[in-house]
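Structural characterization, general
Spelled out, the chains give:
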Amino acid sequence: MMEFALFLGCTIPARLNQYESSSRAVLKKLGVELVDIREFNCCGYPLRNIDFKAFILSSARNLALAEKKNLNVITLCKCCYGSLKKADYLLRESASLKKDVNETLKKEGLKYEGRIEVKHLLSVLHKDIGIEAIKGKMATSFRGLKIATHYGCHALRPSQVVGFDNPLAPTLFDQLVELTGAESIEWAMKLECCGAPLWGINDQLSMNLTLKKLADGKKSGADYVCAACPYCHIQFDKVQKMILSNGNENHPLPSILYTQLLGLTLGVDRKVLGLEMNEIPISGIEALLKKEEELAQEKALAEQKENKKEKESTKQ
Amino acid sequence: MFLKVSLYISLVIFFIALIYKVSTWFRYKVGIGATEISVSTRFFSAIEGILLTIFSPKILTLMKVFVLDVLLQFRILREDFLRWVMHIFIYVGFMLLLLMHALDKYITASLWDNYYSTVNPFMFLRDLFGVFVIVGVIIAIYRRFILKVPRMFTNIMDLYAILIVAVIMLSGIFLEATKMVAYSDYKRMVDEYSGLSDPEELKSLEAYWVKEFGTISPNLQEPIDEVILAKGKELHESSCAGCHDRLQWAFTGYGTAKIISPIGLRIDRAHLPGVLWYVHILACFVGLAYLPFSKMFHIIASSVSLLANGTIGQEKIAPANRATLQAMELDACTHCGTCSLRCSVIMAFEEITNMNIFPSEKIASIKTLACGKELSPQELRHIQEGVYLCSNCYRCTVVCPAGINLQDLWFNVRETLLAKGYPESLVLSPLSFYRGLMKEETVPKDYEKPLIQAREAIAAQFDLIKKKDEVLPLTSTNKKLQSGLNLSAQAKTFSVCFGCQTCTTVCPVVGNYENPQEALGLLPHQIMHAAGLGIRDLAFGSNMLWDCLTCYQCQEQCPQGVHVTDVLYELKNLAIKQVRERTLQSTERK
């Protein structure tokens, strides 16, 4: 039994409940036990722009809380992931920083030694559970679905710190998308930023980056863009909708969360996946799931093949 | 006479104060939406809203909220069991004492024909309810001063609340106890009610009371003759027992009476029961008259808040009602500190000393702001910073035992403060993501202003970038900058930059502009170079710093291993720190 402390961060509980519910459902199906630690606070990501110490203390407090329970951390957000990873890296690297941080944490009876690991949901799915194990649990799969897989900056970079995948030619997320039967398309801007970090700071710039990226995805033939981070998803979903309602004529490229995509093939209830909760509708995707008859046919075909093989081998 | 006069005076003060306080709910302007709505519009809109709720299926929700959240206080239970026990003890005990004991003439006596405060079950229950309150108060003191619940701050109103309840309770118990031992009280009762005049009989009765009821008599001392006691018992049963159960049932008073019995005679001579009666009555009346101004006003305001927010739910409400609701919510806050305990960004306080970061303290500042008090620019900036330093995780709203929609309050106040025009550097951090998402809720013409002002304020501090003709001396290497850039031990790496411009080439922000230098000032490789030279003002004044996505493309691709993004992060930290120090000081000077 795999067990993790679930780090939700600030954005998901407040603005993206479907990511939480779909992730919990998917991980439960795959036999992952999640522990909620109520005392968790902000990962420090937004504070890093303001004050380094405020950032590292916030991150370190979370790490210390998880360490106290002897649990590795699973994050759903890539910015949380990046921040916790960065803090963890720095604390391991610098004894004086660790001492300094622990001095403050001591006030609450906490301490971080660096005995735990921070993992993103996608790494857990890919490395801890494994593609084959997930395939074994799938109820159905997609056909004819084209997905623009969006990696998210803070998962990939700085690779020295996060070690998520090859930063220049990653395949981890593509494999996870393809296991659902969807095609993970090739697109030039796959590894670019979603634009969310500047939304609210420089909307015009943020908007340009987002639209450029989404236009590339669409041009490359994608039906949906798929993200596994609340910031990226909200940027592609709510913010895209806001931008497009402001007189941009383009048709949107809807965004689906990876746990929604995988959840559909695992047979998780659509309500739990919160398919209706996305701002830009995605329910059309259900039509691309293989129906029972098709699955039965496929199964029959596969069995026939097996039988043939067996016959041939017995002949020989 | 004294009782009546003081009761009426305190009632009059209470009601005038109550009307005044409730009127502030319609008068105080909390947020951007509130400024243009008249008091009468708000008043009638509220009445309309209440009526529409009552005469609709929502009445069921209202009743549910009343039972679960107002009466049973499930929201407190969900947060903290000990606190729920504390609150239930104080509130149930106090309410029952109020109804059964303080208003006994009107309520208890009309419900039960045989009511006397000195017979059971009433006598026992009064003491039991008193114990409830005292246990609650002890838990309250324990939580605040011994357990020291994290981030729970004690202000003068919290102390007053504990004090007034404690004085009422203790004076009540001591009043009961001193009356038990006081001989003159005994004498008065005998004169008025016994109808006995035979000295022998009086002596027997007195003996019985001294022995069994703890009365301290100046005439009698134990041991007392058994025959006299038997006679006394007979007399007691015929003339007293109808209205007096054994005093042991009033266990707190009786226990205290036993303790003070050695000085029983002196207590009586000093007329202590009379004095304590005044203390007890006056404490109650002071509590009543001052209630609308004290923390105790939450009895009314928190209930209203729970009912209102419980029925509103997720839907949008009319701007007039939102303004009223938010003014009322300021009174509903009990300063319990749950929000600060659960707040996501509390660790920021360790570095940025501003009490307004804590939600529970922020709300007090907003209260001062709402009542129209003149605040100094420095105070306003501190509130603004505190209100902006929020990751908008909604946790405070979810956990608030009074059901206050804190998130909406912060948002609204944030916009009002930003509109005042004091530049806030924090708007240039990802904390603004939420504001971007809420763009449609802001005043469109004011939306961009704070962002521009913040950039201008920073640029004003570091204007070197604008002086294109200025010749920079190559020797002015700022050692301080280099030593300042070592927060993460990685940002020092800028010194190995050999100017290949890979960072600038791969930067998606740079790539967005036709003429990037015009929009961004120094580009990433130039910032690295400026840092190397120690010319920090040039770097600080560049838009590039604030338009950085932190996507780490530059850092990942740098052939020299310069931590470009980390350097940018630290430059931002330094710039914000300096602007904060300088402009907060300049507002001080004003």
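Conventions and cut-offs
Residues numbered from 1 in each chain as written. Chains lettered and ligands numbered in written order. Predicted model: local features only at pLDDT ≥ 70, side-chain atom pairs only at ≥ 80, totals over all residues. Heavy atoms only, no water. Helix = DSSP H or I, 4+ residues; strand = E, 2+ residues; numbered from the N terminus. Buried < 20%, exposed > 50% of the residue type's maximum accessible area, 1.4 Å probe, protein only. Areas by Shrake-Rupley, 256 points an atom, 1.4 Å probe, with all protein chains shown as cover. Lys, Arg positive; Asp, Glu negative; His and termini not counted. Charge placed at Lys NZ, Arg CZ, Asp CG, Glu CD. Pairing = 2+ DSSP bridges. Contact = heavy atoms within 4.5 Å. Buried area = accessible area lost by both parts, 1.4 Å probe. Salt bridge = Lys/Arg side-chain N within 4 Å of Asp/Glu carboxyl O. Polar contact = N/O pair within 3.5 Å; in protein donor to acceptor, adjacent residues only side chain to side chain. Nonpolar A, V, L, I, M, F, W, Y, C, P; charged D, E, K, R; others polar. Axes fitted to C-alpha atoms, helices over the stretch in contact; angles between N-to-C directions. Parallel < 35°, antiparallel > 145°, perpendicular 65-115°, else oblique.

Here we look at the overall build of chain B
The number of helices and strands found in chain B is 32 helices and zero strands. Expressed along its principal axes, the backbone C-alpha trace of chain B runs to roughly 115 × 55 × 40 Å. Among the 590 residues that make up chain B, the fraction classed as buried is 50%. By element, 64% of the accessible surface of chain B is carried by carbon and sulfur atoms, the whole surface being about 28100 Å². Positive and negative side-chain charges in chain B, numbering 56 and 54 respectively, have mean positions lying 5 Å apart.

Side note on the pairing of strand S3 (residues 72-75) of chain A
Residues and elements named next belong to chain A. Alignment of strand S1 (residues 2-7) against S3, held across four bridges, turns out to be parallel. Bridge pairing in S3 links Phe-4 to Asn-72. Alignment of S3 against strand S4 (residues 118-120), held across three bridges, turns out to be parallel. Considered in S4, the bridge of Ile-74 is made with Lys-119.

What to know about the interface of chain A and chain B
On the side of chain B, 61 residues touch chain A, which itself brings 60 residues to the contact. Together chain A and chain B conceal approximately 5300 Å² of surface at their shared face, both sides included; 57% is due to carbon and sulfur atoms. Taken together, the connections running from chain A to chain B amount to seven salt bridges. Put simply, chain A and chain B have 22 residue pairs in polar contact (both at pLDDT 80 or more) between them. Among the secondary structure elements, those contributing two or more residues to the side of chain A that touches chain B are helix H1 (11-15), helix H3 (52-68), helix H4 (78-93), helix H5 (95-105), helix H8 (153-156), helix H9 (159-162), helix H11 (203-219) and helix H12 (230-245) of chain A. For the side of chain A that touches chain B, a count of residues per class yields 32 nonpolar, 12 polar and 16 charged.

Quick look at the packing of helix H7 (residues 122-147) of chain B against helix H12 (residues 251-260) of chain B
All names here are of chain B. Axis separation between H7 and H12 bottoms out at 7 Å; the angle between their running directions is 85°. By the angle between their directions, the pair H7 and H12 is classed as roughly perpendicular. Taking contact as the criterion, the partners of Phe-124, Asp-127, Leu-128 and Val-131 in H7 are, on H12, Phe-251, Thr-252 and Gly-253. Here the residues of the contact of H7 with H12 sort into four nonpolar, two polar and one charged.

Some points on unusual backbone geometry
In this structure, Pro158(A) follows Arg157(A) across a cis peptide bond, with omega equal to -10°. Tracing the backbone shows Pro158(A) in the loop between H8 and H9. Here the residue pair Asn120(B) and Pro121(B) is connected by a cis peptide bond, since its omega of 5° sits within 30 degrees of zero. In the Ramachandran plot, Arg151(B) falls in the positive-phi region, its phi being about 60° despite a non-glycine side chain. Position of Arg151(B) among the secondary structure elements: in the loop between H7 and helix H8 (156-181). Residue class for Arg151(B) comes out buried when judged on its relative accessible area of 16%. The phi torsion at His271(B) lies on the positive side, around 55°, for a residue other than glycine. Among the secondary structure elements, His271(B) is positioned in the loop between helix H13 (264-269) and helix H14 (272-290). The exposed category is assigned to His271(B), whose relative accessible area is 56%.

As for the sheet that holds S3(A)
Residues and elements named next belong to chain A. Spatially, S2-S1-S3-S4 is the arrangement adopted by the four strands of the open sheet, whose pairing is parallel. The open sheet terminates on both sides in strands that have one partner only, identified here as strand S2 (32-36) and S4. For this sheet, the mean inter-axis angle between neighbouring strands, taken without regard to orientation, is 40°. Set on the sheet, helix H6 (residues 121-129) makes contact with S1, S2, S3 and S4; between it and S4 the angle comes to about 95°.

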